[in-house]
Amino acid sequence: MYDETVTILDNRKVNAEYYKLSFRSKRLAKNVLPGQFLQMKIEEGYDPFLRRPFSYYRTVGDRVEILYEILGMGTKLLTEKGKGGTLKVLGPLGRGFSRHVERKKRILVGGGVGVPPLVFLAERYDCYQFLIGTKSRKEILPSSEIKKFAKTVRYTTEDGSFGKKGLVTNLLEDLLKKEKGNPQDYFIQTCGPNRMMERVMEIADHHGIEGEASWDETMACGVGVCLGCMVLTRKGWTASCKEGPVFRFDEMEKGH
Ligand SMILES: Cc1cc2nc3c(=O)[nH]c(=O)nc-3n(C[C@H](O)[C@H](O)[C@H](O)COP(=O)(O)OP(=O)(O)OC[C@H]3O[C@@H](n4cnc5c(N)ncnc54)[C@H](O)[C@@H]3O)c2cc1C
Ligand code: FES
């Protein structure tokens, strides 16, 4: 884990909702697993005081990219940072997704800002189907951002403005109904709103398919000290930032 002051290379809008920020750091880019995250101190002073967590979206050599949307004050201030600005960044943190899934077909299910770590996974490793759900076409990533795995991607939007109308979990159900393989032939990896991931786990359970979910709980320290990000696993309450954020489906307690 490294704590560095990095200089911003670029910070710009990629669509109506998301921004992409990049900086260079050999150490923060090295040996990173998709699903791991960074803690970013956006302003030097006390407001906002705490660092904010962001998933790794992509690393290219020693260049690190994150993809983010405005949620509150910290992310709003982040959009105002330009090339040459500095940030304090701690990482890589947490446990990421499994890279190798024993010749199983990898199905990725992403919603909202849960999509960035799955893009990292799909670009680096094999991907059978990548199901992405958003509210509307405003959050759809430009084709230049998904070109390495574009053939695997299928979209749902809640308002029907792009792809199939409805929820991404409906798309997952439809896909699994049509598939002819055994449950052991598939492995699901998911990141997005908690309700979406809970439904993904129910569907996976119904079909007997294994998988992993990234529980991106609100975090403060990011290193297992403040106990602000606890999730209920079969081993009891666990710090998501340290033991996760990625957990296997069978590690989680039902209704956590
Ligand atoms: C491991 C991890 C990875 C993440 N990766 C990304 C990413 O790649 N891109 C991205 O845009 N965002 C990501 N997030 C969410 C990001 O950390 C928040 O958007 C950010 O901290 C908000 O800061 P803020 O100061 O703008 O808003 P705040 O003022 O801190 O929060 C605004 C509101 O959102 C709520 N909130 C804050 N964080 C979360 C959360 N994680 N889940 C649910 N509600 C929350 C707060 O309680 C508050 O009500 C990730 C979070 C985690 C834990
Ligand atoms: S954020 Fe502090 S223990 Fe996880």
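As shown above, the structure is provided for reference.
What you are looking at is a predicted structure, and each value in this text was computed from that prediction instead of being measured.

Whenever I open this one, the environment of Val246 confuses me. Can you help?
Relative to the elements of secondary structure, Val246 occurs in strand E16 (residues 246-248). Here Val246 falls in the buried class, since its relative accessible area comes to 2%. Placed 152 residues apart in sequence, Val246 and Gly94 show a C-alpha to C-alpha distance of 8.0 Å. Ignoring sequence-local partners within four residues, the contact set of Val246 consists of Gly35, Arg95, Gly96, Phe97, Glu212, Ala213 and Ser214.

What should I look at first to understand the site of ligand 1 in this one?
Of all residues adjacent to ligand 1, which total 19 residues, the nearest are Arg52, Pro53, Leu67, Gly74 and Thr75. Between ligand 1 and Gly74 there is a distance of 2.7 Å, counted from an oxygen atom to a backbone nitrogen or oxygen. At a separation of 3.0 Å, a nitrogen atom of ligand 1 approaches a polar backbone atom of Asp216. Considering ligand 1 on its own, with 890 Å² of exposed area, one finds that the protein chains cover 72% of that surface. In this structure, ligand 1 is accommodated by the largest pocket. Where the shell around ligand 1 is concerned, the elements lending two or more residues are strand E4 (52-55), strand E6 (63-69) and helix H2 (73-79). No other element matches the 4 residues that E4 contributes to the shell around ligand 1. For the shell around ligand 1, a count of residues per class yields 10 nonpolar, 5 polar and 4 charged.

What should I look at first to understand empty space enclosed by the protein in this one?
Rolling a probe over the atoms, with the probe sized like a water molecule, indicates the empty space that remains. By the definition in use, this model includes 2 cavities of 30 Å³ or more. Considering only enclosed or pocket space, the largest cavity measures out at about 60 Å³ in volume. Taken together, Tyr18, Gly112, Val115, Ile132, Thr134, Glu139, Ile140, Leu141 and Tyr155 make up the full set of residues lining the largest cavity. When grouped by side-chain class, the residues that make up the lining of the largest cavity number 6 nonpolar, 2 polar and 1 charged. In this structure, the second largest cavity encloses a volume near 30 Å³. Taken together, Asp10, Arg12, Lys20, Leu21, Ser22 and Arg63 form the lining of the second largest cavity. Of all the elements in the fold, those that place two or more residues in the lining of the second largest cavity are strand E1 (2-13) and strand E2 (18-24). No other element matches the 3 residues that E2 contributes to the lining of the second largest cavity. Among the residues making up the lining of the second largest cavity, the classes are represented as 1 nonpolar, 1 polar and 4 charged.

Would you mind going over the sheet that holds E16 with me for this structure?
Think of a sheet as strands paired side by side through backbone hydrogen bonds, with each pair either parallel or antiparallel. Spatial ordering of the open sheet is given by E11-E10-E9-E8-E12-E13-E16, a layout of 7 strands whose pairing is mixed. One side of each edge strand has no neighbouring strand; the edge strands of this open sheet are strand E11 (164-165) and E16. Bridge count between strand E10 (residues 153-157) and E11: 2 bridges; the pairing is parallel. Considered in E11, the bridge of Thr157 is made with Lys165.

Looking at this structure, how should I read the pattern of salt bridges?
A pair can form between side chains of opposite charge whenever their charged atoms are brought close. What the rule picks out here adds up to 20 salt bridges. Ionic pairing is found between Arg95 and Glu251, a salt bridge with its closest N-O pair at 2.8 Å. Of this pair, Arg95 sits in the loop between strand E7 (86-93) and strand E8 (105-111) while Glu251 sits in the segment after E16, and the two are 156 residues apart along the sequence. Residue class for Glu251 comes out buried when judged on its relative accessible area of 15%. One salt bridge in this structure joins Asp126 and Arg106, with 3.4 Å as the shortest N-O distance. Placement of Asp126 in the loop between helix H3 (115-124) and strand E9 (129-134) and of Arg106 in strand E8 is noted, with a sequence separation of 20 residues between them. Residue Arg106 is classed as buried on the basis of its relative accessible area, which comes to 0%. In this structure, a network of salt bridges that share partners links the residues Lys20, Arg58, Arg63, Glu65, Glu123 and Glu145.

Analysis parameters
- Residues numbered from 1 in each chain as written.
- Chains lettered and ligands numbered in written order.
- Predicted model: local features only at pLDDT ≥ 70, side-chain atom pairs only at ≥ 80, totals over all residues.
- Heavy atoms only, no water.
- Helix = DSSP H or I, 4+ residues; strand = E, 2+ residues; numbered from the N terminus.
- Buried < 20%, exposed > 50% of the residue type's maximum accessible area, 1.4 Å probe, protein only.
- Contact = heavy atoms within 4.5 Å.
- Near = heavy atom within 4 Å.
- Polar contact = N/O pair within 3.5 Å; in protein donor to acceptor, adjacent residues only side chain to side chain.
- Areas by Shrake-Rupley, 256 points an atom, 1.4 Å probe, with all protein chains shown as cover.
- 1 Å grid on protein atoms, 1.4 Å probe; cavity = no way out; pocket = protein on both sides within 12 Å on 5 of 7 lines; lining within 4 Å.
- Sits in = over half its atoms within 2 Å of the grid points.
- Nonpolar A, V, L, I, M, F, W, Y, C, P; charged D, E, K, R; others polar.
- Points joined across faces, edges and corners; volume = space filled by probe spheres on them.
- Pairing = 2+ DSSP bridges.
- Salt bridge = Lys/Arg side-chain N within 4 Å of Asp/Glu carboxyl O.

These results come straight from atomic positions and should not be treated as a statement about function.
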